[in-house]
Amino acid sequence: MMLRTSASRVLDDNDREEVLALLDADPVANVFVASRVRTVGLNPGRLGGQMWGFGPRGGLVSLCYAGANLVPVNAGREAVQAFADRARKQGRRCSSIVGPATAVEQMWERLEPHWGSARAIRWAQPVMATASAPAAEPDPLVRRVKPEDFGTLLPACVAMFTEEVGVSPDNGDGGALYRSRVAELIRIGRSYARIEDGQVVFKAEIGAVTPQACQVQGVWVHPDFRGRGHAVAGMATVVEQALKYFAPLVTLYVNDYNLSARAAYRRVGFREVDTFMSVLF
């Protein structure tokens with residue numbers, strides 16, 4: 001029997017266990033959304049958006065996180081249609097659509113005629129993961145960032161974001177939300193860097209954590225220090241720390257054209273396990 005597109009609905013905390021069961025079926029692909037749900041639940045005020053479900057209570061098939069990002073989860077063609085219909089009626093509130101490549105591409109096909117052109121599209125972003133101790137020698141100078149390092153780290157974070165996304169995180173609210181997120185990751189011990197003479201040489205953050213997996217983000221080497229192996233050694237330290245303190249599986253995703261980063265991650269022990277796609281506004 002075909003599920004009707006009208007089966008999509010806004011979920012709440014009564015759906016939490018069923019939502020987590022669906023998310024935990026693919027802990028790598030769903031680490032970001034699962035981390036949000038485990039941390040704050042499904043109440044839109046705490047979640048920072050809505051969680052849409054496809055399928056009746058007790059028979060949930062697919063999800064879509066609709067917050068700062070639009071993130072489809074386990075979404076086949078009918079679920080994509082349902083979520084795209086809801087997103088179209090609601091109007092664009094997100095800064096990106098990101099997730100498994102097939103679902104994101106299908107969703108964008110339905111939304112582009114209504115939302116207009118994207119600022120950028122990253123058609124293929126390999127998802128990489130490792131559950132093993134790093135294959136490369138860790139950098140002993142990469143450490144957890146301390147709160148007093150915030151002023152040193154922030155410019156590196158802004159530079160990374162601007163280089164990666166193509167716009168400054170200071171746009172819109174003047175960077176207040178971004179600064180808050182950087183400070184929060186430092187506070188909870190999930191920001192790592194090598195800092196020499198007041199200069200960030202390497203940095204990375206563990207942005208999402210669940211009992212099954214954690215996701216590394218914001219990997220950056222200062223342009224003056226690139227090509228010297230800092231990415232490999234730095235990531236080896238981050239993987240070592242992540243496996244020790246956060247989760248038994250470490251994951252990240254990277255642009256397909258960033259061949260040097262992909263090679264560095266492979267040297268640390270990461271392997272490609274999936275492909276994401278991002279539509280940026």
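Quick caveat, the model's predicted, so the values are computed rather than measured.

Caption draft 1: Seen up close, the overall build of the protein. Across its full length, the protein holds nine helices and 12 strands. Principal-axis analysis of the C-alpha atoms gives the protein an extent of 60 × 35 × 35 Å. Counting every position in the protein, which comprises 281 residues, the buried fraction comes to 51%. Excluding contacts between residues fewer than 6 apart, the proportion of contacts in the protein whose partners are at least 24 apart in sequence is 69%. Accessible area of the protein: about 12900 Å², with a carbon and sulfur share of 50%. Side chains of the protein give 32 positive and 29 negative charges; the mean places of these two sets differ by 3 Å.

Caption draft 2: View of unusual backbone geometry. Despite not being glycine, Asn 74 has its phi angle at roughly 50°, a positive value. A positive phi angle, close to 50°, is found at Asp 197, a residue other than glycine. Assessed through its relative accessible area of 85%, Asp 197 is described here as exposed.

Caption draft 3: Summary view of the nonpolar core. Counting 28 residues, the largest nonpolar core has Met 235, Tyr 265 and Phe 270 as its most contacted members. Of all elements in the fold, only strand E9 (199–209), strand E10 (214–221), helix H8 (230–245), strand E11 (250–253) and helix H9 (259–268) reach the threshold of two or more residues within this core. In terms of residue count, the dominant contributor to this core is H8 (six residues). One finds Leu 20, Leu 23, Tyr 65 and Val 71 within the second-largest nonpolar core, a separate group that totals 27 residues.

Caption draft 4: Molecular detail of the environment of Ala 261. Its place among the elements puts Ala 261 in helix H9. Measuring from C-alpha to C-alpha, the distance between Ala 261 and Ala 124 comes to 14 Å, with 137 residues separating the pair along the chain.

Caption draft 5: Fine view of the side chain of Lys 203. In this fold, Lys 203 is placed in strand E9. There is a polar contact of 2.8 Å between the side chain of Lys 203 and the side chain of Glu 205. With sequence-adjacent residues up to four places away left out, Lys 203 is seen in contact with Leu 153, Ala 156, Cys 157, Met 160, Tyr 192, Ala 193, Gly 218, Val 219 and Trp 220.

Caption draft 6: How the structure looks around helix H5 (residues 101–115). The sharpest bend along H5 reaches about 35° and sits at Glu 109, with the proline Pro 113 one to four residues further on. Residues of H5 that are buried: Ala 101, Ala 103, Val 104, Gln 106, Met 107, Trp 108, Leu 111 and Trp 115. The elements touched by buried residues of H5 are strand E3 (62–66), strand E4 (69–73), helix H4 (77–90), strand E5 (96–100), strand E6 (120–130) and strand E12 (271–280). The first or second residue beyond H5 is Gly 116, which carries a positive phi of 85°.

Caption draft 7: Highlighting the UniProt feature "domain: N-acetyltransferase" (unreviewed entry) in the protein. Look at the UniProt record and you will see "domain: N-acetyltransferase" (unreviewed entry) annotated at residues 140–281. As annotated, residues 140–281 has a helix share of 38% and a strand share of 29%, and its two end C-alpha atoms lie 39 Å apart.

Caption draft 8: Layout of the side chain of Ser 8. Of note, Ser 8 is situated in strand E1 (residues 8–10). Assessed through its relative accessible area of 11%, Ser 8 is described here as buried. For Ser 8, the residues in contact, after removing those within four places along its chain, are Gly 53, Phe 54, Ala 82, Phe 83 and Arg 86.

Caption draft 9: Geometry of the pairing of E4. Counting buried positions along E4 gives five out of five residues, so the element sits mostly inside the fold. Neither face of E4 is left uncovered, since the one carrying Asn 69, Val 71 and Val 73 and the one carrying Leu 70 and Pro 72 both have all their residues buried. Of the pairings in the sheet, the one linking E3 to E4 comprises four bridges and is antiparallel in character. Opposite Ala 66, over in E4, you have Leu 70 as the bridge partner. Following the backbone out of E4, through H4 and into the adjacent parallel E5, one traces a crossover that is right-handed.

Caption draft 10: Looking closely at the state of the cysteines. Applying the stated rule across the entire model yields zero disulfides. This cysteine, Cys 64, is not joined by any disulfide, and Cys 94 carries the nearest cysteine sulfur, 8.7 Å off. In this structure Cys 214 is a free cysteine whose sulfur lies 18 Å from that of Cys 157, the closest cysteine sulfur available. Taking relative accessible area as the criterion, Cys 214 reaches 0% and is therefore assigned buried.

Caption draft 11: View of the sheet that holds strand E8 (residues 191–196). One open sheet accounts for 12 strands, arranged E1-E2-E3-E4-E5-E12-E6-E11-E10-E9-E8-E7; its pairing is mixed. One side of each edge strand has no neighbouring strand; the edge strands of this open sheet are E1 and strand E7 (143–144). Against the sheet, H9 makes contact with E6, E10, E11 and E12, and its axis sits at roughly 10° relative to E6, the strand it touches most.

Criteria and thresholds
- Residues numbered from 1 in each chain as written.
- Predicted model: local features only at pLDDT ≥ 70, side-chain atom pairs only at ≥ 80, totals over all residues.
- Heavy atoms only, no water.
- Helix = DSSP H or I, 4+ residues; strand = E, 2+ residues; numbered from the N terminus.
- Buried < 20%, exposed > 50% of the residue type's maximum accessible area, 1.4 Å probe, protein only.
- Contact = heavy atoms within 4.5 Å.
- Areas by Shrake-Rupley, 256 points an atom, 1.4 Å probe, with all protein chains shown as cover.
- Lys, Arg positive; Asp, Glu negative; His and termini not counted.
- Charge placed at Lys NZ, Arg CZ, Asp CG, Glu CD.
- Core = buried A, V, L, I, M, F, W, Y, C linked by side-chain atoms within 4.5 Å.
- Polar contact = N/O pair within 3.5 Å; in protein donor to acceptor, adjacent residues only side chain to side chain.
- Bend = angle between axes of the 7 residues up to and from the residue.
- UniProt positions renumbered as here; feature names shortened; annotations may be inferred.
- Pairing = 2+ DSSP bridges.
- Right-handed = clockwise from strand over helix to strand, strands pointing away.
- Disulfide = S-S within 2.5 Å.
- Axes fitted to C-alpha atoms, helices over the stretch in contact; angles between N-to-C directions.

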